[in-house]
Amino acid sequence: MIPNYSKLPGTATTIFTVMSQLAAEHNAINLSQGFPDYECDPKLIEFVARAMKDGHNQYAPMTGIPALRELVAAKVSHLYDAKYDPATEVTITAGGTQAIFTALSAYISAGDEVIIFEPAYDSYAPTIKMLGGLVKPYEMAPPDYDIDWEMVKKLFTANTKMIILNSPHNPTGTILREKDIQALIKLTKDSDIIILSDEVYEHLVYDGETHRSVALYPELRERAFIVASFGKLLHTTGWKVGYCLAPDYLMKEFRKVHQFNVFSVNTPMQVGIANYLEDASTYSGLSGYFEEKRDLFRSLMAETKFKLLPCNGSYFQCVTYEDISDEADITIARRLIAEYGVASIPVSAFYIRNTDHHVLRFCFAKKQDTLKKAVERLMKI
Ligand code: PMP
């Protein structure tokens, strides 16, 4: 008999892989998975190549190379006026997902409850479940995906161990406002609930808004893991390098897991990134850069039958399609690939219960030409 010991029996291949595969089969324009279809700065490639040629090819320190940790600490100090000790409070990770996995692994045991805001990035729930934890979803809904904190309060129990935030938010493109942060501070005051703040899109905030990092608020920072990704910062999602920030008492536990999970992150990338980021102008214009893409995509999509939802951050634009059909979002997403050659992601995939508000997510981190061609096809609907 074949043993069936699956720890995640209800979990299938991620929707991103499914949609990207379908897109490839149909030769469709892929606006589903969140990655740029253009090259990163050639200077960055040179820095990484030089690091390899200079012999930075053996294990990095478990926590990350000092130069990169120091650079991250300086960046966070400059942006959010928060002091993180690069020796004990910054760890370089193999991307944001690994940082999330490691932070959860370090703290979540059987029976612990974790509050998440759905639609949610798809790694959170399976990771919590795999650790024996319980997912407590708060379901946000279009058009605004606003959070009613009185309802969130109802999810808190004696077993609540962690709460996961994500701003700017994937998939909805919303951002946390001051009222949200203040509500969270009030809710978690005098508790020992840990905050896991997924801020991988921290530099992608539009319309003159600012990113409210948890690092800005001492009451939250003192109990928080903050996760970031160089993939989003440098247009290099395939390199899978990111970092995690936390006060030393949390980071100590994080590193206990990290050392047996990846041990250390690849060295030449770290050296190359550290040298490249010495010049802060390499990323300071990122919001303007993506805002232009967002504006282009929105203006093009406004000519189609899809209805645009607000987008204040991230590189995702969500749309509804009530003037087109009342099909399930997964059905229309598949049909858009097969019949029109454009791939998107059905947002129901980001809810544990697959709640279907008839919303599709498009990624606009693409060349102008790609966006134009995709919308030309969508115009035919
Ligand atoms: N969190 C969110 C919300 C994301 O969208 C992503 C990437 N799609 C990640 C984390 C993971 O980042 P990385 O690619 O660095 O693992």
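Computed from a predicted model, the values in this text were never measured in an experiment.

Draft legend 1. Highlighting the packing of aromatic side chains. Under the definition given, this model contains 19 aromatic pairs. Between Phe47 and Tyr276 the ring centres are 6.2 Å apart and the planes differ by 70°, which places this aromatic pair in the edge-to-face class. On the criterion of sequence distance, the pair formed by Phe47 in helix α2 (residues 42-53) and Tyr276 in helix α11 (residues 267-276) is long-range, its members being 229 residues apart. Taken together, the ring pairs in this structure connect Tyr38, Tyr201, Tyr289, Phe290, Tyr315 and Phe316 into an aromatic cluster. Its end group placed over the ring of Tyr283, Lys75 keeps NZ or CZ at 5.6 Å from the ring centre.

Draft legend 2. A look at the pattern of salt bridges. Under the definition given, this model contains 16 salt bridges. Between Arg294 and Asp295 there is a salt bridge, and its shortest N-O distance comes to 2.9 Å. The exposure class of Arg294 is buried, given its relative accessible area of 6%. Put simply, Glu327 and Arg335 hold a salt bridge, and the shortest N to O gap is 2.8 Å. Glu327 gets classed as buried once you look at its relative accessible area, which sits at 18%. The partly exposed category is assigned to Arg335, whose relative accessible area is 25%.

Draft legend 3. The arrangement of unusual backbone geometry in detail. For the bond running from Pro142 to Pro143, omega is 10°, close enough to zero to count as cis. Considering the arrangement of structural elements, one finds Pro143 in the loop between β4 (134-139) and α6 (149-153). A positive phi angle, close to 50°, is found at Lys240, a residue other than glycine. Relative to the elements of secondary structure, Lys240 occurs in the loop between α9 (230-234) and β8 (242-245). Of the residues examined, Lys240 reaches a relative accessible area of 42% and is grouped as partly exposed.

Draft legend 4. Layout of empty space enclosed by the protein. The final tally for this structure, using the stated rule, is three cavities of 30 Å³ or more. Forming the walls of the largest cavity are Lys75, Val200, Tyr201, Glu202, His203, Leu204, Ala228, Ser229, Lys232, Leu233, Tyr243 and Leu286. Secondary structure elements with two or more residues in the lining of the largest cavity: β7 (224-229) and α9. Here the residues of the lining of the largest cavity sort into seven nonpolar, two polar and three charged.

Draft legend 5. Expanded view of the domain arrangement of the protein. When its domains are assigned, the protein resolves into domain 1 (15-40 + 284-378) and domain 2 (42-281). On the side of domain 2, 41 residues touch domain 1, which itself brings 34 residues to the contact. Approximately 3200 Å² of surface area, both sides summed, lies buried where domain 1 meets domain 2, with 58% of it carried by carbon and sulfur atoms. When the area that domain 1 buries against domain 2 is broken down by residue, the three leading residues are Cys40, Asn312 and Ile352, summing to 23%. Between domain 1 and domain 2 we count two salt bridges in total. Applying the counting rule to domain 1 against domain 2 returns 19 residue pairs in polar contact (both at pLDDT 80 or more). With six residues, the single largest contributor to the side of domain 1 that touches domain 2 is helix α13 (residues 286-301).

What counts, and where the lines are drawn
- Residues numbered from 1 in each chain as written.
- Predicted model: local features only at pLDDT ≥ 70, side-chain atom pairs only at ≥ 80, totals over all residues.
- Heavy atoms only, no water.
- Phe/Tyr/Trp six-rings, centres within 6.5 Å; stacked < 30°, edge-to-face > 60°.
- Helix = DSSP H or I, 4+ residues; strand = E, 2+ residues; numbered from the N terminus.
- Lys NZ or Arg CZ within 6 Å of the ring centre and 35° of its normal.
- Salt bridge = Lys/Arg side-chain N within 4 Å of Asp/Glu carboxyl O.
- Buried < 20%, exposed > 50% of the residue type's maximum accessible area, 1.4 Å probe, protein only.
- 1 Å grid on protein atoms, 1.4 Å probe; cavity = no way out; pocket = protein on both sides within 12 Å on 5 of 7 lines; lining within 4 Å.
- Points joined across faces, edges and corners; volume = space filled by probe spheres on them.
- Nonpolar A, V, L, I, M, F, W, Y, C, P; charged D, E, K, R; others polar.
- Domains from an automatic or database assignment.
- Contact = heavy atoms within 4.5 Å.
- Buried area = accessible area lost by both parts, 1.4 Å probe.
- Polar contact = N/O pair within 3.5 Å; in protein donor to acceptor, adjacent residues only side chain to side chain.

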